[in-house]
Amino acid sequence: MAYVTFKDVKKIFPNGFQAVHQFDLEVTENEFIVLVGPSGCGKTTTLRMLAGLETLTSGEIYIKEKKVNDLEPKDRNIAMVFQNYALYPHMTIYDNLVYGLKVQKVPQKEIDIRVKEAIKILGFPQEYLKRKPVQLSGGQKQRVALGRTIVRRPAIFLMDEPLSNLDAKLRVQMRYEINRIHREVKATTIYVTHDQVEAMTMADRIVVMNEGVIQQIGTPDEVYRFPSNVFVATFIGAPTMNLIKAKYIKQAIVFSNGYQVALPKPLAFQKEDILVGIRPDDMDVKKVDTQHLLNLAVENTELLGHDSILYGDISKEEKLVVKLPTHQLKKLSLTKNKAVVSLEFQAENLHLFDPETQQRIR
Ligand code: ATP
């Protein structure tokens, strides 16, 4: 049975703006769900409705079998971690950790047990407990914020962009930490981010949202390999998936210069115009000698160390990005005057979309 269920949840703000449309989701116990999407797509509003901080315009939210639409936030057994840590600056770290428990009148003996357990899970040195938040780094403050939720032993953890105030290196470290803590604490977690890398690396399942509408729900692998529409295809993965206009003729994809890729099976698709998606690292890059392939006039190259990125044009209107191992780029011996490469596509690497509906065909 689902642990958290959203049934046709909608949110229209008093000014008439609809932030969330028909949100349906079943979260299983101990699952780590990531809501991801661009700024303003309704992630925070969805989380706040589950927390009880925002009312629903229609629909239902259940925690186990209990409908919680009208339940006070404090009665939902949910704890929320925010991006700005929300620590009390005048209190010590210890007091910050236990404040919520004291308000709930949890006995001191029990508080001591929970704090001990939390600092063990967090790997937090005992002496930090006497410090004030100002004496801690951003990562340490975020760990205290996590600790404060762990001591409450909630059934559900909600996290709203908890890493966005940290620098890139610390974000990577804290991603790992949060996953480790999740495995230890085993609480159902719903995590909100606009960062697709966080979503891909942390989630059991990802919910991709855009303009208040769920675009796809799936494991990171499903969402990456089988994006259900053009939005998901271009939102997940970096560098972004390339989109190329082509024709579907006699079981083959035909590009503007005549280059053809035969498909193993016919498509259930009646139209001729088709939109082809291909990830930058999913193509074979060759010296420009094979005229029947797609040619890329390279405008710029970026060396990232192990890999390199090529930026160029395949036609007057169409740009393309290619990612390839740097050693392979060197073999192509590109020069300013001879900066053209040939690209070969394998049918299994092509994502095919209907240009009108933007939905995946195959
Ligand atoms: P971000 O990543 O920027 O936090 P988000 O995906 O979490 O974005 P929400 O905060 O859920 O987005 O907001 C969704 C939309 O609802 C936005 O367009 C926002 O401007 C709008 N919105 C949020 N709160 C209100 C409100 N009280 N009244 C009217 N519109 C609102």
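Since the structure is predicted, the reported quantities are computational estimates derived from the model, not experimental observations. (Residues numbered from 1 in each chain as written. Predicted model: local features only at pLDDT ≥ 70, side-chain atom pairs only at ≥ 80, totals over all residues. Heavy atoms only, no water.)

One pass over the structure, following the stated rule, counts 18 salt bridges. Here Lys10 and Asp8 are joined by a salt bridge, their closest N and O atoms 3.4 Å apart. Assessed through its relative accessible area of 31%, Asp8 is described here as partly exposed. Close ionic contact of Arg180 with Glu184 constitutes a salt bridge, the shortest N to O distance being 3.2 Å. On the criterion of helical spacing, the pair formed by Arg180 and Glu184 is a turn pair, its members being four residues apart in helix α5 (residues 168-185). Of the residues examined, Arg180 reaches a relative accessible area of 19% and is grouped as buried. Here the residues in one salt-bridge network are Glu110, Arg114, Glu117 and Arg153, joined through shared partners. (Salt bridge = Lys/Arg side-chain N within 4 Å of Asp/Glu carboxyl O. Buried < 20%, exposed > 50% of the residue type's maximum accessible area, 1.4 Å probe, protein only. Helix = DSSP H or I, 4+ residues; strand = E, 2+ residues; numbered from the N terminus.)

Right, let's talk about the layout of surface pockets for a bit. Space inside the largest pocket adds up to approximately 700 Å³. What lines the largest pocket is a set of 19 residues, and nearest its centre among them are Ile78, Ala79, Met80, Gly100 and Arg152. Breaking the lining of the largest pocket down by element, the ones donating at least two residues are β6 (78-81), α2 (93-103) and α4 (138-152). Taken together, the residues of the lining of the largest pocket sort by class into 12 nonpolar, four polar and three charged. (1 Å grid on protein atoms, 1.4 Å probe; cavity = no way out; pocket = protein on both sides within 12 Å on 5 of 7 lines; lining within 4 Å. Points joined across faces, edges and corners; volume = space filled by probe spheres on them. Nonpolar A, V, L, I, M, F, W, Y, C, P; charged D, E, K, R; others polar.)

Looking now at the pairing of strand β4 (residues 58-63). Pairing of strand β1 (residues 4-12) with β4 involves five bridges; the strand directions are antiparallel. Across the sheet, Lys7 pairs through a bridge with Glu60, a residue of β4. As paired elements, β4 and strand β5 (residues 66-67) share two bridges and run antiparallel to each other. The residue of β5 that forms the bridge with Ile63 is Lys66. Counting the residues in the hairpin turn of β4 and β5 gives two residues, including Lys64, whose phi is positive at 50 degrees. (Pairing = 2+ DSSP bridges.)

If you check the domain split of the protein chain, you get domain 1 (2-235) and domain 2 (242-353). Placing the centre of domain 1 and that of domain 2 at their C-alpha centroids yields a distance of 40 Å. Counting residues at the interface gives seven residues for domain 1, matched by six residues for domain 2. When the buried surface of domain 1 facing domain 2 is broken down by residue, Tyr224, Val230 and Ala233 rank first, second and third, together holding 67% of it. Where domain 1 packs against domain 2, one counts one residue pair in polar contact (both at pLDDT 80 or more). (Domains from an automatic or database assignment. Contact = heavy atoms within 4.5 Å. Buried area = accessible area lost by both parts, 1.4 Å probe. Polar contact = N/O pair within 3.5 Å; in protein donor to acceptor, adjacent residues only side chain to side chain.)

On to unusual backbone geometry. Cis rather than trans, the peptide bond between Ala238 and Pro239 has omega equal to -10 degrees. Tracing the backbone shows Pro239 in the loop between α8 (230-235) and β11 (242-249). One non-glycine residue, Arg153, adopts positive backbone phi at about 50 degrees. In this fold, Arg153 is placed in the loop between α4 and β7 (156-160). Notably, Gln358 is not glycine yet its phi reads approximately 70 degrees, a positive angle. With respect to the helices and strands, the residue Gln358 is situated in the segment after β20 (351-353). The class of Gln358 is partly exposed, set by a relative accessible area of 33%.

In a regular helix each residue adds 1.5 Å, so 15 residues correspond to 21 Å; helix α3 (residues 108-122) covers 21 Å between its end C-alpha atoms and thus fits that length. Three or more residues of α3 are buried, namely Ile111, Arg114, Val115, Ala118, Ile119, Ile121 and Leu122. Buried residues in α3, looked at end-on, bunch into an arc of 155 degrees, giving them a common side. Away from the buried face of α3 by more than 90 degrees, exposed residues Lys109, Lys116 and Lys120 are located. Buried-residue contacts for α3 involve α2, α4 and α5. Downstream of α3 by a residue or two, Gly123 has a phi angle that is positive, lying close to 65 degrees. (Expected span 1.5 Å × (residues − 1). Arc of directions from axis to C-beta.)

Below, the discussion takes up the pairing of strand β10 (residues 213-218). As defined by bridge partners, strand β9 (residues 205-210) adjoins β10 across five bridges and the pair is classed as antiparallel. Each residue of the ladder has a partner; that of Asn210, found in β10, is Val213. Here β9 folds back onto β10 in antiparallel fashion, the turn holding two residues, of which Glu211 has a positive phi close to 45 degrees.

This part takes up the environment of Asp167. For Asp167, the location among the structural elements is in the loop between β7 and α5. In the structure, Asp167 is positioned 28 residues away from Gly139 in sequence and 8.9 Å away in space, judged by C-alpha atoms. A distance of 2.9 Å separates the side chain of Asp167 from the backbone nitrogen of Leu170, its partner in a polar contact.

This next bit is on the site of the ligand. Neighbouring residues of the ligand: 13 residues in total, closest Ser39, Gly40, Cys41, Thr44 and Thr45. Interatomic distance of 2.5 Å between a side-chain N/O atom of Ser39 and an oxygen atom of the ligand. When the ligand sits alone it has 640 Å² of accessible area, and the protein chains cover 62% of it. Per element, the largest residue contribution to the shell around the ligand is three residues, and it comes from helix α1 (residues 43-51). Here the shell around the ligand is built from residues that sort into five nonpolar, six polar and two charged. (Near = heavy atom within 4 Å. Areas by Shrake-Rupley, 256 points an atom, 1.4 Å probe, with all protein chains shown as cover.)

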